[in-house]
Amino acid sequence: MTSPRERPAWGAIVPFLLPATVFYLGLTAYPVIRTVWNSVHEVLPRREAYVGGAHYVELWADDTFWRAVRNTVTWALVAPFLEVSIALLLALALYARVPAARILRIAWFTPVLMSYVVVGIVWMWIYNYDWGAANAILRAVGLGHWAQPWLGTTDTALPALIVVTTWMWTGFNMVVLLAALHALPTEVIEAAELDRCGWGAKLTRVMVPLILPTILNLLVLSFVGKMKIFDLVWITTKGGPLWSTETVSTYVYKRAFEWSTFDLGYPSAIATVWFVIVMSFVAVLTWMVRRQQKLEY
Amino acid sequence: MWGRVLARAAVMLVIVLWTMFAAGPFLWVATISLRTTSEFMAAPYALPETWRFDKFATAWTGSGYDTYFTNSILVVFSAVAIVTAVGAMAAHALARYRFPGNRLVYLLIFSTIVLPPQITVIALFQTLAKLGLYDTRVGLTLVYAAVQLPLTVYILESFFARIPADLFDAARIDGYSEWATFWKVAFPVAMPAIATVVILNTILLWNEFLYAVVLIADDARRTLPLGIQKFMGDQLEDYGMIATGLMIAIVPVVLIYAIFSEKLIQGMTAGAVK
Amino acid sequence: MATVTLDRLGKRYAGGGAPAVQDVTFEVAHGEFFVLLGPSGCGKSTTLRMIAGLEAITEGTLAIDGKRMNEVPARDRDIAMVFQSYALYPHMSVYDNMAFGLRRRAMPKAEIDRRVRVAAAILGLEPFLGRRPHALSGGQRQRVAVGRAIVRDPKVFLFDEPLSNLDAALRASTRQELIRLHRRLGATMIYVTHDQVEAMTMGDRICIMDHGRVAQIGAPLDVYRRPATTFVAGFLGSPPMNLLPATVADGRVRLGEATLTLPARVPEGPVTLGVRPEDLVPVPEGPLRGEVVAVEPLGAETILSLRLPGVERELMLRAGRSAPAGLGERIALVAPHDAIHLFDAATGCRLT
Ligand SMILES: Nc1ncnc2c1ncn2[C@@H]1O[C@H](COP(=O)(O)OP(=O)(O)OP(=O)(O)O)[C@@H](O)[C@H]1O
Ligand SMILES: [Mg+2]
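This one's a predicted model, so the numbers in the text were calculated from it and none came from an experiment. (Residues numbered from 1 in each chain as written. Chains lettered and ligands numbered in written order. Predicted model: local features only at pLDDT ≥ 70, side-chain atom pairs only at ≥ 80, totals over all residues. Heavy atoms only, no water.)

## Structural notes on the side chain of Arg350(C)
Residue and element names in this part refer to chain C. Assignment of secondary structure puts Arg 350 in the segment after β20 (341–344). One buried charge, Arg 350, has no salt-bridge partner; the nearest side chain with opposite charge is Asp 338, at 9.5 Å. A distance of 2.8 Å separates the side chain of Arg 350 from the backbone oxygen of Pro 227, its partner in a polar contact. Other than its neighbours up to four places away in sequence, Arg 350 contacts Arg 225, Arg 226, Pro 227, Ala 228, His 341, Leu 342 and Phe 343. (Helix = DSSP H or I, 4+ residues; strand = E, 2+ residues; numbered from the N terminus. Buried < 20%, exposed > 50% of the residue type's maximum accessible area, 1.4 Å probe, protein only. Lys, Arg positive; Asp, Glu negative; His and termini not counted. Salt bridge = Lys/Arg side-chain N within 4 Å of Asp/Glu carboxyl O. Polar contact = N/O pair within 3.5 Å; in protein donor to acceptor, adjacent residues only side chain to side chain. Contact = heavy atoms within 4.5 Å.)

Shown next as structure tokens:
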């Protein structure tokens, strides 16, 4: 039940909204607008000059940018499915009334609470060629010839990082899915049991369709998170080797603060393009999820 | 019968493997943090023979972790205090009052949650530089408060909306102004949700890296994630010491999580469950 | 103590549509217990909330002790209100719940303490002063809500269905407690309810509302005995008054195939005839004859439903412990002259 909203004098509302508005306008809305403004200017420390769409034209022909887009989109498309499908498996395992499910749920959630800096360093070590756990395990099971510097090889660096985000976020997805499973009306599942449905049929025909809205929500959330990814890459590979893990975010950062071009206009143009892309993806995906949910009822 | 047992075994196997996968890295770092680098290089996966807790003292005083830790505490706690107050006030107004644009404001805030940070970070750098707040803890604190504001308002709004309107009417009859009613009734009644956002924001900001790396330059003002990154850059090979630094960053999070696990899970998943 | 005067009070919500409250006029005297009664959605709460200052008045005037109150904020009206949900502050102890309204008034601590303890003693809340509301039973919570009003010593007490969340037994005893409290405090009280038993037993006067308008105001028994409209007649009493279509002609009333003498002079034409179930007396031979179609024995009384020849609606009859006739039997009835009520068939207004 929600309480009815009332309509009081503006004098009563303004004090509540003013601080948030100041923060929002000053440190969120203005920076967004300023970035868009930047993107059509050359922004040097002491000089700003209007350049129109020049940055965008340059961007169109910028191979590194397209490489970064490809990497980021790959990440954002692959990771959600890995995370959510493994999470679903784990959630079902815990749903099957195993001992210590409560503690396992809490334990599996832990990685997501860690800083990407910490996670990045730990996984750099795990991927270390000489003594990292990945290679150590391969050698132990007799697959030593597969051992390689996972983050140092162009072919494996991106997949290796996708493994890291999957490791980090699967527990989170699992907790949400488990909650959704527990929220299912027991009658529905019991009805399925009475219908002599096997476990597999019960799962695919009854349970998964019922939690589909949650699954879609999680996929969107994970997708959006990966579209923004920066910290992990910055700590582990800085986009290397040879741009094989460059993401849009790291590229923006490099062009703004690392390369000594000093122009903030060009990275702003990248950020603007990415902002538009991410927000339209979110809008479309949310709309699709909404529509899906409407069908449910 | 055998099928059942087999299925059960498969489930247990999945659970054990994932638990090892999820927890292994942390346990490994924990062991390294108590060993010297040479001990570690000799046997990377051995348990500590002598538990070298003194390494924490060394990291704390000798490698600047005291500074990083203090900076993190200062910035994170102030930002969380600010964002809680500012966010709760806004959430209350959005939940309780009907005014033109109410839903528009809400929608705007909601869409800001998914905003890619790159779209603001460059301009924030410019703005703070202009205001003389670049490379200051105050500047970072204000930015942090602004960054967490949308999520805070989003979570609190749905809670405030569930407070019965009668409670506010009673306070009005008891003679309290809207402002006093908020602080004396709405805010304390919303304590469970407030606690959730406080814990959630603390963890998220404690781990924050991008804004910090852009807006802080001087070593004396680095927060923990920056400090760790720098330490790793300086002492790339000193794994033992880096691990100790990592543990200094991890332990507070684990402690908070151990005490408030359900609240934290609730906060983290608030957006996803909807 | 105070008088409360409503003069053509009205409320139109911003959303449009029909006004929620319209043309409500009455005056509540010093120390009077005044009840607003009516079905759900008739505007009782809205009226009360306008008196409290929780809802803006869109038409008419409200005065307390002769002073216009329309623009005075709730806190300066010196009223106290008990809500249906009790609206206790969940994060405060019982003591603090009661003291909260006094603290704002910069009252000395000792005086606050004295008042809270007096109120707690009156309501038997002393053992619970340190508890939070969630650790109280429904009845105890209800008393805290009343206590919160008492400590304020207001000019006017407002109650919005304060008993409707209690179970039947508790409701009866709390009703008695509130009556005693009213006698003891001698305060002006305005009490909203949709329960006619509460209204009949507690009110000095009751005001029955229908679709945002006043249908009738008067002492409970007057209203019961001489309902001003068919709405009031049909709302009070259980089972309510029988209301049957009839025709006046030749100085008599025709009800289906039966004919009754007129209780008073009324113009000829269609009317609605009202007679209370308890006013009908079974007799060996009488003007009203009908067949019993249902028997509901309730222990202390029996309710019979009769079908009269030529009358579409059934007639309810309240009899003693044993039914005067069984299912399917025919039975004759009479009603005393003064128990026959006639209403205008079109407007529903009383004719006699
Ligand atoms: N905030 C509002 N906006 C628009 N209409 C409202 C509002 N509050 C009440 N109403 C309408 O005003 C009318 C009277 O409502 P009110 O709450 O006074 O009824 P009530 O007699 O107290 O009924 P109940 O016994 O159910 O409490 C109803 O038709 C209701 O729908
Ligand atoms: Mg009401």
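## Regarding the pairing of strand β12 (residues 252–255) of chain C
Residues and elements named next belong to chain C. Alternating residues of β12 divide into Val 253 and Leu 255, all buried, and Arg 252 and Arg 254, none buried. Relative to β12, strand β11 (residues 242–249) runs antiparallel, the two being bridged by three bridges. Bridging across to β12, Val 248 finds its partner in Val 253. From the end of β11 to the start of β12, which pair antiparallel, there are two residues, and Asp 250 there has a positive phi angle of about 55°. In terms of strand pairing, β12 meets strand β13 (residues 258–261) through four bridges, oriented antiparallel. From the neighbouring strand, Val 253 faces β13, where its bridge partner is Leu 260. Counted between consecutive antiparallel strands, the loop separating β12 from β13 contains two residues, among which Gly 256 sits at a positive phi close to 60°. (Pairing = 2+ DSSP bridges.)

## Examining the pattern of salt bridges
Considering all chains together, one arrives at 31 salt bridges over all chains under this definition. A salt bridge links Arg318(C) to Glu278(C); its shortest N-O distance comes to 3.7 Å. Here the residue Arg318(C) occupies a position in strand β18 (residues 315–319), and Glu278(C) occupies one in the loop between β14 (269–275) and β15 (281–283), the gap between them amounting to 40 residues. Relative accessible area serves as the criterion here: at 22%, Arg318(C) is assigned to the partly exposed category. You can call Glu278(C) partly exposed: its relative accessible area is 29%. What you see here is one network of salt bridges that share partners, running through Arg96(B), Asp169(B), Arg172(B), Glu178(B), Arg49(C) and Glu55(C).

## So, the site of ligand 1
Residue and element names in this part refer to chain C. Close to ligand 1 lie Tyr 13, Ala 20, Pro 39, Ser 40, Gly 41, Cys 42, Gly 43, Lys 44, Ser 45, Thr 46 and Glu 161. Between an oxygen atom of ligand 1 and a main-chain N or O atom of Gly 41, the distance comes to 2.7 Å. In the model, an oxygen atom of ligand 1 is placed 2.5 Å from a nitrogen or oxygen of the Thr 46 side chain. Compared with its free state, where it exposes 640 Å², ligand 1 has 56% of that area covered by protein. (Near = heavy atom within 4 Å. Areas by Shrake-Rupley, 256 points an atom, 1.4 Å probe, with all protein chains shown as cover.)

## A short note on the side chain of Arg49(C)
Turning to its location among the elements, Arg49(C) is positioned in helix α1 (residues 44–52). At 2.8 Å, the side chain of Arg49(C) and the side chain of Asp169(B) are in polar contact. Residue contacts for Arg49(C): discarding those within four places in its chain leaves Asp169(B), Leu54(C), Glu55(C) and Met81(C).

## Things to note about the domain arrangement of chain C
How big an interface is tends to be reported as the loss of accessible area on association of its parts. All names here are of chain C. Under the domain assignment used here, chain C contains domain 1 (4–230) and domain 2 (231–344). Spacing between the C-alpha centres of domain 1 and domain 2 amounts to 38 Å. With 18 residues of domain 1 in contact, the opposing surface of domain 2 contributes 15 residues. Of the roughly 1,400 Å² buried between domain 1 and domain 2 on both sides combined, carbon and sulfur atoms contribute 68%. (Domains from an automatic or database assignment. Buried area = accessible area lost by both parts, 1.4 Å probe.)

## A short note on the interface of chain C and chain B
Taken together, the 24 residues of chain C in the interface contact 15 residues of chain B. When chain C packs against chain B, close to 1,700 Å² is buried across both sides, 61% of that on carbon and sulfur atoms. Across the contact surface, chain C and chain B share two salt bridges. The closest approach of N and O atoms between Asp169(B) and Arg49(C), which form a salt bridge, is 2.8 Å. Between chain C and chain B we count eleven residue pairs in polar contact (both at pLDDT 80 or more) in total. Elements with a contribution of two residues or more to the side of chain C that touches chain B: α1, β6 (79–82) and α2 (94–103) of chain C. When the residues that make up the side of chain C that touches chain B are grouped by side-chain class, the tally is 13 nonpolar, four polar and seven charged. (Nonpolar A, V, L, I, M, F, W, Y, C, P; charged D, E, K, R; others polar.)

## A look at the sheet that holds strand β3 (residues 33–37) of chain C
The pairing of strands in a sheet happens through backbone hydrogen bonds and is either parallel or antiparallel. Residues and elements named next belong to chain C. Spatial strand order, β6-β7-β8-β3-β9-β10: six strands in an open sheet with mixed pairing. Lying at the two open borders of the sheet, with one neighbouring strand each, are β6 and β10 (213–218). Adjacent strand axes in the sheet meet at a mean angle of 20° when their direction is disregarded. The pairing of strand β9 (residues 205–210) with β10 spans five bridges and is classified as antiparallel. For Ile 206, the partnering residue across the bridge sits in β10 and is Gly 218. Sheet contacts for α1: β3, β6, β7 (156–160), β8 (188–193) and β9; angle to β7, the most-contacted strand, approximately 150°. (Axes fitted to C-alpha atoms, helices over the stretch in contact; angles between N-to-C directions.)

## Observations concerning the sheet that holds strand β16 (residues 288–297) of chain C
Residue and element names in this part refer to chain C. The five strands lie next to each other as β15-β19-β16-β17-β18, forming an open sheet whose pairing is antiparallel. Two strands close off the open sheet at either side, each with one partner strand: β15 and β18. Between one strand axis and the next, the sheet turns through 50° on average, direction left out of account.

## Quick look at the packing of helix α1 (residues 10–39) of chain A against helix α9 (residues 178–189) of chain B
The contact between α1(A) and α9(B) brings their axes to 9 Å, and the two run at 45°. Relative to α9(B), α1(A) is oriented oblique. From α1(A), Ala12(A), Pro15(A) and Phe16(A) reach across to α9(B), where they touch Glu178(B), Trp179(B) and Phe182(B). Residues that form the contact of α1(A) with α9(B) fall into these classes: five nonpolar, no polar and one charged. (Parallel < 35°, antiparallel > 145°, perpendicular 65-115°, else oblique.)

## Things to note about the environment of Gly142(A)
As for its position among the elements, Gly142(A) is in the loop between α6 (133–140) and α7 (154–183). Linking Gly142(A) and Ile33(A), residues 109 residues apart in sequence, is a C-alpha distance of 57 Å.

## Topic: unusual backbone geometry
Cis geometry marks the peptide bond from Ser238(C) to Pro239(C), where omega comes out at -5°. Positionally, Pro239(C) belongs in the loop between α8 (230–235) and β11. Phi at Trp243(A) takes a positive value of approximately 60°, unusual for a residue other than glycine. Counting through the fold element by element, Trp243(A) comes out in the loop between α11 (231–236) and α12 (248–258).

## Points about the arrangement of the chains
By number of contacts, the leading pair among the two pairs of chains in contact is chains A and B. Separated throughout, chain A and chain C approach each other most closely at a C-alpha pair spaced 9 Å apart.

## Description of the packing of aromatic side chains
We describe a pair of aromatic rings using the distance from one ring centre to the other and the angle between the two ring planes. Tallied over the full model, the rule gives 43 aromatic pairs over all chains. Centre to centre, the rings of Trp123(A) and Phe21(B) are 6.1 Å apart; their planes meet at 80°, and the pair counts as edge-to-face. With Trp123(A) in helix α5 (residues 116–126) and Phe21(B) in helix α1 (residues 2–33), this residue pair bridges two chains. By relative accessible area, Trp123(A) is classed as buried at 4%. For the ring pair Phe182(B) and Phe187(B), a centre distance of 5.9 Å and an interplane angle of 70° mean the geometry is edge-to-face. Taking relative accessible area as the criterion, Phe182(B) reaches 0% and is therefore assigned buried. Each member of the aromatic cluster is reached from another via a ring pair, and the members are Phe16(A), Tyr97(B), Phe160(B), Trp179(B), Phe182(B), Trp183(B) and Phe187(B). Between the NZ or CZ atom of Arg148(C) and the centre of the ring of Tyr89(C), over which it lies, the distance is 4.9 Å. (Phe/Tyr/Trp six-rings, centres within 6.5 Å; stacked < 30°, edge-to-face > 60°. Lys NZ or Arg CZ within 6 Å of the ring centre and 35° of its normal.)

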